[in-house]
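# Fold and contact review
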Amino acid sequence: MMRLLYQGVPGVADATSAVSAESAAKLGPASISGPRSPFPCDADTLHEECGVVAVHGHAEAARQAYLALYALQHRGQESAGIATADGQYLANIKGMGLVSEIFTDDVLEKLPGPMAIGHTRYSTTGDSALLNAQPIRVDSTKGLMAIAHNGNLVNLGNLKMRLEREGAYFQTTSDSEIIVQLIAHSQAATLVDAIADSLSQLEGAFSIVMMTRDRIFAARDPRGFRPLSIGRIKNAGAPDTAIFASESCAFDLLRAEFVRDVLPGELVMVTEDGMTSRYFASGVPQSSCIFEHVYFARPDSRIFGRWVQESRDQMGRQLARESGVPADVVVPVPDSGVTAALGYAEEAGLPFRFGLIRNHYVGRTFIEPEQRVRDFGVRLKLNPVHNLLAGKRVVLIDDSIIRGTTSRKIVRMVRGAGATEVHLRISCPPTISPCFYGVDTPSKRELIAANHSIEEIRRFIEADSLAYLSLEGLLKSCNGGEGNGYCVACYTGNYPTQWVDVEEILPAAATL
Ligand code: SF4
């Protein structure tokens with residue numbers, strides 16, 4: 001049984017409801033219910049926290065939100081939710097699982113109205129439970145509202161203590177509820193002033209969409225850590241439909257056109273009368289997450305004013321210029337290493353080959369693996385193409401080394417398929433510090449590059465050579481967007497916000 005949480009849905013009592021095993025089974029292999037765990041080999045990769053979407057002025061707003069969330073599924077696979085409003089109702093349905101598992105035709109039918117917000121989540125702050133799934137729907141002193149949030153606040157503790165002293169009672173452990181409580185406790189006279197007042201008190205990363213019974217709001221933190229873009233569907237003889245999405249790839253599925261990014265520190269409001277904008281903060285240097293360009297965002301998205309595909313291509317080219325090596329073939333670690341590997345191969349004048357094939361149809365329903373299964377994970381997910389690798393000097397391109405264990409298995413796999421040399425090239429600098437802004441990074445003691453030299457890592461992963469893209473090379477590759485201000489804290493340990501959990505970043509010994 002898949003449990004869904006219904007809130008304010010016309011004709012349905014507020015409660016969790018179960019989708020039958022029969023209808024869940026119709027959804028395909030990924031929809032098998034039961035204990036979920038990340039795929040074994042994902043334990044050594046990084047996870048984005050969330051994707052958000054908002055729709056204003058569409059007869060089928062819930063379906064538009066569903067399609068947009070479908071395009072943003074890569075940003076979180078643990079839970080998803082859609083809230084809609086029609087001027088009277090504000091309905092919310094959310095559940096654990098993939099967007100397509102939760103939102104069947106029957107479920108979408110229950111979400112009326114021309115406005116919608118949606119969310120897909122990989123949890124870092126707050127328990128991975130249905131109650132913490134988003135959107136969060138709250139009836140407050142400022143009226144009924146729903147909110148969905150991407151990012152991570154870093155002054156959560158202080159704000160929560162203050163709000164509790166003022167009588168706030170928290171139902172969830174999610175950042176989003178802090179934002180709603182701040183709005184509810186604001187002394188500002190109007191809702192939009194209360195939202196601006198509340199957002200100005202937050203420190204950290206947030207790209208937010210909010211909805212009341214008759215308005216949509218979208219906002220981005222003053223440093224612009226996480227992406228959030230505005231799109232539009234032109235309707236003949238009627239007002240445009242306004243769309244907001246974490247990544248512009250969502251607009252393509254909706255046949256919406258990209259308009260612009262929500263700017264850092266900007267609060268946008270959409271009503272029946274159109275779109276208005278104001279700033280709740282200014283004068284803060286921009287620090288958009290460069291790892292969105294390295295790994296998280298889809299290459300067909302345009303974020304921070306720049307195509308992700310273009311950045312990754314440049315990373316690969318720069319990598320070839322900085323650390324080219326005599327070789328016979330360039331092979332990506334799929335899928336995120338593909339674009340950088342194409343750039344590397346072109347720049348180096350070497351053939352590009354898919355020497356590793358990823359199995360896309362396993363993993364998400366893997367049931368609590370035993371240790372011996374976990375060790376088997378990489379081979380379940382990737383398989384070498386022996387005839388492309390045998391007897392070849394291989395340049396292997398990947399986007400990061402986190403703990404190093406997965407990289408070692410992949411290097412061994414390529415060598416086991418007959419490669420005579422394996423040269424690993426990484427399309428970003430060594431990851432030496434955890435992220436506090438919405439990326440689920442292991443602690444510093446688990447990050448191999450925080451505790452070991454590149455030569456020590458090379459020996460551990462058993463590569464013939466290892467090189468990372470330089471920080472200068474990465475910044476150069478991502479140049480051209482939004483004043484070029486990027487956060488690179490996971491490569492430098494220098495955090496753009498005041499607050500960091502020093503315990504987390506203290507150097508710690510790790511053994512290989
Ligand atoms: S620390 Fe790294 S992952 Fe986190 S926001 Fe900064 S660049 Fe992105």
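See the structure above.
Quick caveat: nothing in here was measured; it's all calculated off a predicted structure.

Quick notes on the rules
Residues numbered from 1 in each chain as written. Predicted model: local features only at pLDDT ≥ 70, side-chain atom pairs only at ≥ 80, totals over all residues. Helix = DSSP H or I, 4+ residues; strand = E, 2+ residues; numbered from the N terminus. Buried ≥ 20, exposed ≤ 12 C-beta atoms within 10 Å, placed from the backbone. Core = buried A, V, L, I, M, F, W, Y, C linked by C-beta atoms within 7 Å. Domains from an automatic or database assignment. Contact = placed C-beta atoms within 7 Å. Pairing = 2+ DSSP bridges. Axes fitted to C-alpha atoms, helices over the stretch in contact; angles between N-to-C directions.

With that settled, consider the environment of Asp335. Within the secondary structure, Asp335 is located in the loop between strand S20 (329–332) and helix H11 (338–348). When the 13 C-beta atoms within 10 Å are taken as the criterion, Asp335 is described as partly exposed. For the pair formed by Asp335 and Tyr295, sequence separation is 40 residues and the distance between their alpha carbons is 9.7 Å.

Membership of the largest hydrophobic core comes to 148 residues, with the highest contact counts inside it found for Val53, Ala65, Ala68, Val209, Met211, Ala218 and Leu396. Here this core takes eight residues from helix H2 (residues 61–71), the largest share from any one element. Here this core spans two domains, since at least three of its residues come from each of domain 1 (2–150 + 206–284) and domain 2 (307–488). Other than its neighbours up to four places away in sequence, Ala68 contacts Val53, Gly118, Ile243, Ala245, Ala250, Leu253 and Leu254.

Moving on: the sheet that holds strand S9 (residues 143–150). Strand order in the open sheet formed by six strands is S8-S9-S10-S11-S15-S16, and the pairing between neighbours is antiparallel. Each edge of the open sheet carries a strand with a single partner, namely strand S8 (136–140) and strand S16 (274–279). Here the average twist between neighbouring strands, direction ignored, is 20 degrees. With five bridges connecting them, S8 and S9 associate as antiparallel partners. Across the sheet, residue Val138 finds its bridge partner in S9, namely Met145. The strands touched by helix H6 (residues 175–185) within the sheet are S8, S9 and strand S10 (207–211), with S9 carrying the most contacts at an inclination of about 140 degrees. Across the face of the sheet, helix H7 (residues 191–199) comes into contact with strand S11 (216–220), strand S15 (266–271) and S16 while running at roughly 155 degrees to S15.

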